[in-house]
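# Secondary and tertiary structure notes
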Amino acid sequence: MLEIKNLHAEVDGKAILKGIDLNINKGEVHAIMGPNGSGKSTLANVLAGRDDYDVTDGGILFDGKDISELEPEERAGEGIFLAFQYPVEIPGVTNTTFLKEALNAQRKYRGEDELDGMEFVKLIRRKTKELGIKDDMLKRAVNVGFSGGEKKRNDILQMAVLNPKLAVLDETDSGLDIDALKIVAEGVNKLRAENNAILVITHYQRLLNYIVPDQVHVLAHGKIQRSGGKELALELEEKGYAEYSDDEAA
Amino acid sequence: MVTLASDKEAFIAQYDQSKGNLPGSDIAWLSELRAKNIALFEEVGLPTAKTELWKFTNLNPLKKQSFSAPSAQEQIFANSNELPRQLPRLLEINASHRLVFIDGHYSEDLSDKNLPAGVTLHNLSSAIKAGAADLKVALSSRAREEEQPLVALNTALMSDGYVLEIAKNTSVDCPIEILHLGGGKAEISYHNRNVISVGFGSKATIIEHVTDRSDHVYFSNSATEISVSENATLHHYRVQASNRAAFLYSSTEVVADKGATYDNFLLNTGARLSRTETNVSLNGENSSCHLNASYMGTDDQHCDITTRVDHKTPHTTCDEVIKGVLGGKARGVFQGKIIVHEQAQKTVGNQSHRAMLLSDRAEVDAKPELEIFADDVICSHGCTSGQIDKEQLFYLRSRGLTSEQAQALLVNAFLADAVEAVQNEDLKDLLLTKIVNWLEQNPN
Ligand SMILES: Nc1ncnc2c1ncn2[C@@H]1O[C@H](COP(=O)(O)OP(=O)(O)OP(=O)(O)O)[C@@H](O)[C@H]1O
Ligand SMILES: [Mg+2]
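Residues numbered from 1 in each chain as written. Chains lettered and ligands numbered in written order. Predicted model: local features only at pLDDT ≥ 70, side-chain atom pairs only at ≥ 80, totals over all residues. Heavy atoms only, no water.

### A word on the site of ligand 1
Residue and element names in this part refer to chain A. Our working rule: Residues are labelled near a given molecule or strand when at least one of their non-hydrogen atoms is within 4 Å of it. Residues adjacent in sequence count toward polar contacts only when both atoms are side-chain atoms; beyond that, a polar contact is any pair of N or O atoms within 3.5 Å, and within protein one must be able to donate a hydrogen and the other to accept it. All accessibility values rest on the Shrake-Rupley procedure with a 1.4 Å probe; residue burial counts only the protein chains present in the view. By definition, any uninterrupted DSSP run of H or I lasting at least four residues is a helix, any uninterrupted run of E lasting at least two residues is a strand, and each is numbered from the N terminus.
Taken together, 16 residues lie near ligand 1, and Gly37, Lys40, Ser41, Thr42 and His203 sit nearest. Thr42 has a polar side-chain atom sitting 2.5 Å from an oxygen atom of ligand 1. His203 is positioned such that a nitrogen or oxygen atom in its side chain is 2.9 Å from an oxygen atom of ligand 1. Burial of ligand 1 by the surrounding chains reaches 66%, relative to a free accessible area of 630 Å². Elements supplying a minimum of two residues to the shell around ligand 1: strand S2 (14-24) and helix H1 (40-48). The element contributing the most residues to the shell around ligand 1 is H1, with 3 residues.

Structure below.
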């Protein structure tokens with residue numbers, strides 16, 4: 001489903017991704033771990049189409065289609081979703097309005113009918129219930145005044161409503177309390193299906209107890225340094241990233 | 001009809017020619033008042049950028065035009081067939097009482113006859129004829145004509161307007177809508193003078209709608225005197241949506257007594273050039289005002305909002321939230337002065353002006369001024385201007401909104417913030433819709 005080949009990206013002339021190769025098949029969950037500043041969020045943002053980053057080499061295929069030139073909204077329409085490491089506050093725009101506009105914009109992109117008010121309300125009710133999100137949160141402005149954990153949960157609500165083919169979760173677990181972590185993991189696992197794929201970026205192996213990955217990758221110095229099964233996460237938790245330290249980068 | 005270039009001399013000539021026919025020309029105090037004001041106007045002239053208060057708004061485009069006064073024959077009464085069959089209306093027929101001014105002239109025929117109990121309305125000339133004593137006071141009350149030469153010009157040339165009186169202890173539930181429809185003829189100017197007084201303990205909502213029915217150039221120079229008596233509340237809203245050739249100047253002077261509230265909101269999608277001045281004098285203890293506005297401009301529009309609040313007694317409050325969005329080469333100006341007089345302890349004054357620039361060529365000038373002579377006050381002001389937030393834009397787009405949709409949503413939310421304080425729900429919805437419509441018509 002997702003094929004990243006020799007991806008190079010830079011920001012303000014500074015090279016950050018230096019040749020990423022990564023394949024994720026339908027139905028799979030992959031995890032990326034790696035030291036701070038290694039380029040994990042950069043990769044996530046490049047996938048979502050943020051234009052601050054210049055792709056200087058390599059490419060991204062999604063469902064066999066080259067998406068490198070697509071706008072962020074087109075990628076969303078194709079089915080790529082990014083849960084942000086730092087979800088953004090949007091004063092004056094309520095969660096409901098935002099969800100509705102987003103869902104209908106994506107449906108329109110795919111040539112599907114827009115949902116009417118009733119259908120939308122039903123969908124939202126079901127999703128908020130599943131994720132244990134209070135209704136009053138829907139009337140509030142997107143992420144404004146939300147606690148750190150609430151913001152993360154709100155991103156997961158968006159994911160649940162938009163039902164993407166590929167969800168990229170950038171440190172969605174950080175800042176969540178234990179119960180919230182379980183709820184979020186459940187939400188992610190619900191999305192997990194034959195036709196969907198999930199890329200989880202995390203610093204903690206704990207999340208991977210709930211969302212069990214098929215593969216774990218270590219990203220350091222802009223490259224995937226090592227890939228393995230879920231045991232790799234345990235090993236990293238024990239040993240840290242010392243063996244991927246600067247000297248062996250190049 | 002005489003055609004005149006609109007420099008100082010032209011207006012003075014207009015006065016000389018028309019003074020015998022202006023309303024109240026046979027009333028001594030009024031003739032004297034007009035004479036005094038035309039002399040003052042002659043001395044000061046049309047505002048120029050050399051004056052501190054007009055530093056950011058250049059009237060040269062106005063001076064290049066030549067305006068004439070609409071003569072009696074050209075008034076609405078003679079050519080009402082030119083009017084659109086449906087006059088613009090902000091609120092539903094049943095939800096408002098409407099007064100109609102066409103090219104500066106009050107139209108009794110087109111206005112609603114049945115005003116709510118306790119509300120009296122006269123047009124300026126009949127009020128002058130009726131010889132109301134307080135009218136003399138109201139029309140002579142401006143203390144700073146030197147700073148407001150256009151108001152002096154208005155006083156000299158005022159030919160119509162409304163005098164609206166709300167009796168004491170009257171709660172007028174239904175808003176009074178006042179339509180000022182311009183654009184009937186190219187290159188005319190008019191000088192309307194309005195007086196509003198809200199009696200003790202009364203409550204009313206007035207919605208002014210300034211718009212037009214053509215692309216003609218015209219100049220509307222209006223002035224309004226408002227007094228809000230003890231414990232009274234006036235909600236005074238204004239929607240200015242004129243064509244891109246019009247010049248609008250409006251100066252409103254408000255006096256609030258003890259416990260009175262003056263609640264003002266301006267939605268301005270503008271004109272070629274608009275300047276809206278609002279001066280509030282909080283004369284009585286516990287009086288308060290809101291001066292909120294949302295303005296939008298594009299192409300070469302110029303929008304100036306100038307406010308002044310005088311806190312003259314203890315425990316007075318003012319809140320100003322002004323939001324602007326500018327695209328094209330549009331220019332925005334905000335000047336906000338708050339003066340806390342020596343005796344006005346426990347004053348609370350909050351002012352914020354935020355502008356969003358949608359194009360590199362759009363510009364905004366903001367000048368907040370606080371002059372505080374009392375020591376126990378809480379005052380804050382903040383002025384910001386900047387582009388649309390990129391992080392927010394990306395966040396919305398990453399969820400599927402097109403960049404146009406995302407921008408419209410953000411701009412709308414930005415502007416709507418200032419509409420929040422509007423209490424009439426119908427009107428609030430209407431204002432929000434106007435913002436959305438503007439965004440749709442001006443994608444920038
Ligand atoms: N806009 C930018 N301008 C300059 N440098 C940037 C910019 N964005 C990212 N970087 C740099 O790129 C590098 C990779 O950042 P990135 O956010 O991808 O790291 P990360 O792996 O997600 O780290 P963390 O684990 O702390 O979230 C960092 O050194 C960061 O400072
Ligand atoms: Mg990161």
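### Examining the coordination of the magnesium ion (ligand 2)
Residue and element names in this part refer to chain A. Operational definition: Here the term donor refers to an N, O or S atom within 2.8 Å of the metal (or 3.2 Å for Na, K and Ca), and because water is left out of the atoms, sites may appear incomplete. Partly exposed residues are those whose accessible area sits between 20% and 50% of the maximum for their type, while under 20% is buried and over 50% is exposed, using a 1.4 Å probe and protein chains only.
Those protein atoms acting as donors to the magnesium ion (ligand 2) are Ser41 (OG) and Gln85 (OE1), and they sit at 2.0 to 2.1 Å. Taken as a pair, Ser41 in helix H1 and Gln85 in the loop between strand S6 (80-83) and strand S7 (90-94) lie far apart in primary sequence, 44 residues in all. Of the residues examined, Gln85 reaches a relative accessible area of 17% and is grouped as buried.

### Some remarks on the interface of chain A and chain B
To be explicit about the condition: Every residue pair with non-hydrogen atoms within 4.5 Å of one another is taken to be in contact. A simple way to read buried area is as the amount of 1.4 Å-probe accessible surface that goes missing from two parts once joined, with both sides added. Here a salt bridge means any side-chain nitrogen of Lys or Arg lying within 4 Å of a carboxyl oxygen belonging to Asp or Glu. The nonpolar class holds Ala, Val, Leu, Ile, Met, Phe, Trp, Tyr, Cys and Pro. Asp, Glu, Lys and Arg form the charged class, and all remaining residues, Gly among them, are polar.
Taken together, the 31 residues of chain A in the interface contact 16 residues of chain B. Interface area for chain A against chain B, summed over the two sides, is near 2,000 Å², with a carbon-plus-sulfur share of 63%. If you sort the residues of chain A by the area they bury against chain B, A:Arg50, A:Glu73 and A:Phe98 come out on top, with a joint share of 27%. For the interface between chain A and chain B, the tally reads 4 salt bridges. For the salt bridge of B:Arg397 with A:Glu73, the shortest nitrogen-to-oxygen distance reads 2.7 Å. Connecting chain A to chain B are 12 residue pairs in polar contact (both at pLDDT 80 or more). Secondary structure elements with two or more residues in the side of chain A that touches chain B: H1, helix H2 (72-78), S6, S7, helix H3 (95-109) and helix H6 (148-162) of chain A. No other element matches H3(A), which puts 6 residues into the side of chain A that touches chain B. When grouped by side-chain class, the residues that make up the side of chain A that touches chain B number 18 nonpolar, 7 polar and 6 charged.

### Brief notes about the sheet that holds strand S11 (residues 215-220) of chain A
All names here are of chain A. Rules: Strand pairing is assigned whenever DSSP identifies at least 2 bridges connecting the two strands. Note on definitions: angles span 0 to 180 degrees between N-to-C directions of axes, and those axes are lines fitted to C-alpha atoms, for helices only across the stretch in contact.
Across the sheet, which stays open at both edges, the 6 strands sit in the order S6-S9-S10-S3-S11-S12 with mixed pairing between neighbours. Each edge of the open sheet is held by one strand with a lone partner, namely S6 and strand S12 (223-228). Put simply, the sheet's adjacent strands are angled 20° from each other on average, direction ignored. Where strand S3 (residues 29-33) lies against S11, 4 bridges are found, and the strand directions are parallel. For Ile32, the partnering residue across the bridge sits in S11 and is His217. Of the strands in this sheet, S6 and strand S9 (166-170) touch H6, which is tilted by about 170° from S6.

### So, the pattern of salt bridges
For side chains bearing opposite charge, pairing can occur when the charged atoms are close. All names here are of chain B. Considering all chains together, one arrives at 34 salt bridges over all chains under this definition. As a salt-bridge pair, Arg142 and Glu253 come within 3.3 Å of each other at their nearest N and O atoms. Of the two residues, Arg142 is situated in the loop between helix H5 (133-139) and helix H6 (149-157) and Glu253 in strand S13 (residues 247-256); the sequence distance between them amounts to 111 residues. Exposure remark for Glu253: the relative accessible area of 16% places this residue in the buried category.

Keep in mind that these numbers describe shape and distance, not what the molecule does.
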